[in-house]
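Examination of the molecular architecture
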Amino acid sequence: MDVIEADLPKLAEKIAAVVEPGDIIALSGPLGAGKTALTREVLRAMGENNVVSSPTFVLEHRYPVNWRGIKTVLHLDLYRLSEKDLPQFDWAEYLEADHQLTIIEWPEIAQKYLPNHTKTVKIEVIDAKTRRFQLPGALA
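In what follows, the accompanying structure is described. (Residues numbered from 1 in each chain as written. Predicted model: local features only at pLDDT ≥ 70, side-chain atom pairs only at ≥ 80, totals over all residues. Heavy atoms only, no water.)

Turning our eyes to something else, we now look at the overall build of the protein chain. For the protein chain, the helix and strand inventory stands at three helices and seven strands. In the protein chain, the succession of helices and strands from N to C terminus is β-α-β-α-β-β-α-β-β-β. Computed over the C-alpha atoms, the radius of gyration of the protein chain is 14 Å, within 12% of the 14 Å expected from 2.2 N^0.38 for a compact globule of 140 residues. Along the first, second and third principal axes, the C-alpha atoms of the protein chain reach 40 × 30 × 30 Å. Classification of the 140 residues of the protein chain by burial places 46% in the buried group. (Helix = DSSP H or I, 4+ residues; strand = E, 2+ residues; numbered from the N terminus. Rg over C-alpha atoms; globule rule 2.2 N^0.38 Å. Buried < 20%, exposed > 50% of the residue type's maximum accessible area, 1.4 Å probe, protein only.)

Rendered as structure tokens:
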């Protein structure tokens, strides 16, 4: 589905309406595609109005929420890492918390660590204000 910038909140509301505790959403797309912008809007749809920024340099941000059994949104950005950096992560904490929604930018780097139930959202840049989102059935 093609989404213009002004309609991103509607897409985020649709996603927020169906996420469940323990879900993992992998956001795949090039630099500047809108991965952090989508994360920000999903958090807004869940009632989080604080600043949501890219965790590129700190690797993760945690946001407290109270949304359909989700108590925390863990936002990971793996852009600066390589696959050899990943064995040191506590993947169980990141991916098996039953009270948490995990959103991962640059999931391709950690593909072998992600469980089969990961929901991948592919983002393609169409032009400066339009993105094409491919949502898995569970989020559509």
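Next comes the rest of the description.
The subject of this paragraph is the pairing of strand 2 (residues 24–28). Buried residues dominate strand 2, accounting for five of its five residues. The alternating pattern of strand 2 places Ile24, Ala26 and Ser28 and Ile25 and Leu27 on opposite faces, both of which are buried. As judged from the four bridges shared by strand 2 and strand 5 (residues 100–105), these two strands associate in the parallel manner. Note that in strand 5 the partner of Ile24 across the bridge is Thr102. For strand 2 and strand 6 (residues 119–127), the ladder comprises four bridges, and the chain directions are parallel. When the sheet's bridge partners are listed, Ser28 is paired in strand 6 with Lys122. (Pairing = 2+ DSSP bridges.)

Once that is clear, we can look at the pairing of strand 6. Across five bridges, strand 6 lies against strand 7 (residues 130–134) in antiparallel orientation. Paired with Ile123 across the two strands is Phe133, which belongs to strand 7. Taking the residues between adjacent antiparallel strands as the criterion, strand 6 and strand 7 are bridged by two residues.

Let us now look at unusual backbone geometry. At Arg68, a position not held by glycine, the phi torsion is positive, near 50 degrees. Looking at where Arg68 falls in the secondary structure, it is placed in the loop between strand 3 (60–67) and strand 4 (70–77). At Trp106, a position not held by glycine, the phi torsion is positive, near 60 degrees. Tracing the backbone shows Trp106 in the loop between strand 5 and strand 6.

What the rule picks out here adds up to seven salt bridges. The shortest N-O distance in the salt bridge between Asp7 and Lys10 comes to 3.8 Å. Residue class for Asp7 comes out partly exposed when judged on its relative accessible area of 31%. Since its relative accessible area comes to 59%, Lys10 is described here as exposed. One salt bridge connects Arg62 with Glu60, and the closest N-O pair in it is separated by 2.9 Å. Take Glu60: its relative accessible area is 22%, and that puts it in the partly exposed class. When salt bridges that share partners are traced, they join Asp2, Glu124 and Arg132 into one network. (Salt bridge = Lys/Arg side-chain N within 4 Å of Asp/Glu carboxyl O.)

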